[in-house]
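These are the residues of each chain, in order.
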Amino acid sequence: MKVLVVSHGFQEHYTIGFANGLAQTGIEVVLVRSSTLDASGLDPAIRSFDLGQNTGERYSRLHKAARFLKYHLSLLVLPIIHFNSNIHIIGLLRHELLTGLVEGLVFRLLSKRYVLTVHNILPHDRHTAWNRFLYGVIYRIPHVLIVHTLKMRYELISQFNITADRIQILEHGLNDAVPDHEWSMKQCREALAIPQNALALLFFGRIAPYKGLDTLLEAFKGLGAPYHLVIAGAPTSEAYGAEIQQLIDANPSKPHISCMLDWVADKDIATYFRACDCLVMPYRHIDQSGLVFLSLRFGLPLISFDVGSVRDYIGEGVGLVVEEKSSRALASAIEQFRAHFDAYSRETIIEYSKQFSWESVMSTLTHVYKH
């Protein structure tokens, strides 16, 4: 059985884990990847190729437009080349009229089974009436929709009138694509200039308004020592990055904040997760987050607002879920975490995380390609 997996440049770590997990079930996997994905991390049995997806800022607007057109024309030919194969789109990003609607109709008509993974019911920070209507149409095209949580399944049924038999739940897999150097916490803190005796809080990943870094910075005003806040990630725009930098500069606890508003290379990710004591996710809204499964992989406890299905993964001994989305409640949760710090064991969290390995969760998916 063959499955053509198209990533559309979706998160590279997720793409690698998903493709590897699928290949390990014995399915023939053909992966359309982005040029930035490190193919060396893929299972040797996977055939992968780059259709020239429009990534990076090194191209002129005209060149980017040409690459965009070539990429999507090539995608439309794929169902013909791989006729009667299963096609699985593992992430819709922008240009939904094209990727979700036009290409979706082609994939539905020319594939054996067209499967679409829904990572978020609606795009981050774009919960508009138009997108609700557009995605309502897009979700009716595939043979099967894949979601990562029971709550998302319920929302597709109740809000978009999708029939239950067209929705399959697949647990989000553990992020094992990030390399780990296994340095000690002391070595990692020295590398990042984090005080050895501080309780280090980590805010990590792409910095967007919905992720609530401003709320965390407000909460941190009243904390300071013995805490240390580590911020690592690239803002979604220069303007938003400047806004965040202003909030940091004006924060009375700035001496206890380390900040790198830029992309973190894969080889450096482990350093951040091994150096810190807790990951903080003050998100305003989200259905699911791959960051949870990166944190679990390193055994790092989490503090998160009660959004999406995060509560399902942050149980006793794993972290704290904060019901009230306010800086006051967040600061209180951080202090509560410190007061009960000994209740959290990295080794225990790592053991708990093993149930989410891609090889384990993929066993629940393979039947959707056999109908």
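This structure is a prediction, so every number in the text was calculated from the model and none was measured. (Residues numbered from 1 in each chain as written. Predicted model: local features only at pLDDT ≥ 70, side-chain atom pairs only at ≥ 80, totals over all residues. Heavy atoms only, no water.)

What follows deals with the packing of aromatic side chains. Evaluation of the coordinates by the stated rule reveals 17 aromatic pairs. Ring plane angle 90° and centroid distance 5.1 Å describe the contact between tyrosine 14 and tryptophan 358, whose orientation is recorded as edge-to-face. One end of the pair, tyrosine 14, is in helix H1 (residues 12–23); the other, tryptophan 358, is in helix H13 (residues 358–361), and 344 residues separate them in sequence. Overall, the relative accessible area of 3% leaves tyrosine 14 in the buried class. What links up through ring pairs into an aromatic cluster is the set Phe204, Tyr272, Phe273 and Phe298. Between arginine 297 and the ring centre of phenylalanine 298, over which it is positioned, the NZ or CZ distance is 4.7 Å. Taking NZ or CZ as reference, arginine 338 lies 5.8 Å from the ring centre of tyrosine 227, over its face. (Phe/Tyr/Trp six-rings, centres within 6.5 Å; stacked < 30°, edge-to-face > 60°. Helix = DSSP H or I, 4+ residues; strand = E, 2+ residues; numbered from the N terminus. Buried < 20%, exposed > 50% of the residue type's maximum accessible area, 1.4 Å probe, protein only. Lys NZ or Arg CZ within 6 Å of the ring centre and 35° of its normal.)

As a further point, take the layout of surface pockets. Here the second largest pocket defines a volume of roughly 210 Å³. For the second largest pocket, the lining is made up of 13 residues, of which Ile121, Leu122, His127, Glu155 and Asp287 are closest to its centre. If you tally residues by element for the lining of the second largest pocket, the top one is helix H5 (residues 150–160), at three residues. A class-by-class count of the residues in the lining of the second largest pocket yields three nonpolar, six polar and four charged. (1 Å grid on protein atoms, 1.4 Å probe; cavity = no way out; pocket = protein on both sides within 12 Å on 5 of 7 lines; lining within 4 Å. Points joined across faces, edges and corners; volume = space filled by probe spheres on them. Nonpolar A, V, L, I, M, F, W, Y, C, P; charged D, E, K, R; others polar.)

Strand order in this open sheet of six strands is S10-S9-S8-S11-S12-S13, and the pairing throughout is parallel. The open sheet terminates on both sides in strands that have one partner only, identified here as strand S10 (257–260) and strand S13 (319–322). Each strand of the sheet is rotated relative to its neighbour by a mean of 20°, with strand direction disregarded. Pairing of strand S11 (residues 278–281) with strand S12 (residues 302–305) involves three bridges; the strand directions are parallel. (Pairing = 2+ DSSP bridges. Axes fitted to C-alpha atoms, helices over the stretch in contact; angles between N-to-C directions.)

Our focus in this paragraph is the pairing of S10. Pairing of strand S9 (residues 227–232) with S10 involves four bridges; the strand directions are parallel. Bridge pairing in S10 links alanine 232 to methionine 260. Read from S9 through helix H8 (residues 238–249) to S10, the crossover connection turns out right-handed. (Right-handed = clockwise from strand over helix to strand, strands pointing away.)

So, about the side chain of threonine 271. Among the secondary structure elements, threonine 271 is positioned in helix H9 (residues 266–275). With a relative accessible area of 6%, threonine 271 lands in the buried category. In this structure, threonine 271 is in contact with His181, Trp183, Cys188, Ala191 and Leu192, ignoring residues within four places of it in sequence. (Contact = heavy atoms within 4.5 Å.)

Both faces of strand S4 (residues 86–89) are covered, namely the face carrying Asn86 and His88 and the face carrying Ile87 and Ile89. Pairing analysis gives four bridges linking strand S1 (residues 2–6) to S4, with the strands arranged parallel. By the bridge assignment, valine 3 is partnered in S4 with asparagine 86. Direction of pairing for S4 relative to strand S5 (residues 113–117): parallel, over a ladder of four bridges. Looking at the pairing, asparagine 86 lines up with arginine 113 of S5.

Turning our eyes to something else, we now look at the environment of leucine 78. Topologically, leucine 78 is positioned in helix H2 (residues 61–81). You can call leucine 78 buried: its relative accessible area is 4%. Leucine 78 sits 74 residues away from leucine 4 along the chain, and the two C-alpha atoms are 8.8 Å apart. Beyond its immediate chain neighbours, meaning those up to four positions away, leucine 78 contacts Leu4, Val32, Phe49 and Leu51.

When two helices pack together, you describe them by how their axes are tilted relative to each other and by the distance separating the axes. Between helix H7 (residues 213–220) and helix H11 (residues 327–339), the least distance of the axes is 8 Å, while the angle of their chain directions is 65°. Classified by chirality, the crossing of H11 by H7 is right-handed. Packed against H7, whose contacting residues are Thr215, Leu216, Glu218 and Ala219, the element H11 presents Ser327, Leu330, Ala331 and Ile334 at the interface. (Left-handed = near helix turned anticlockwise from the far one by under 90°.)

On to the pattern of salt bridges, then. Following the criterion strictly, the structure yields twelve salt bridges and no others. Ionic pairing is found between lysine 221 and glutamate 218, a salt bridge with its closest N-O pair at 3.0 Å. Among the salt bridges present, the one from lysine 267 reaches aspartate 268, with a minimum N-O distance of 3.2 Å. According to the relative accessible area criterion, lysine 267 is exposed, its value standing at 61%. The exposure class assigned to aspartate 268 is partly exposed, which follows from its relative accessible area of 29%. (Salt bridge = Lys/Arg side-chain N within 4 Å of Asp/Glu carboxyl O.)

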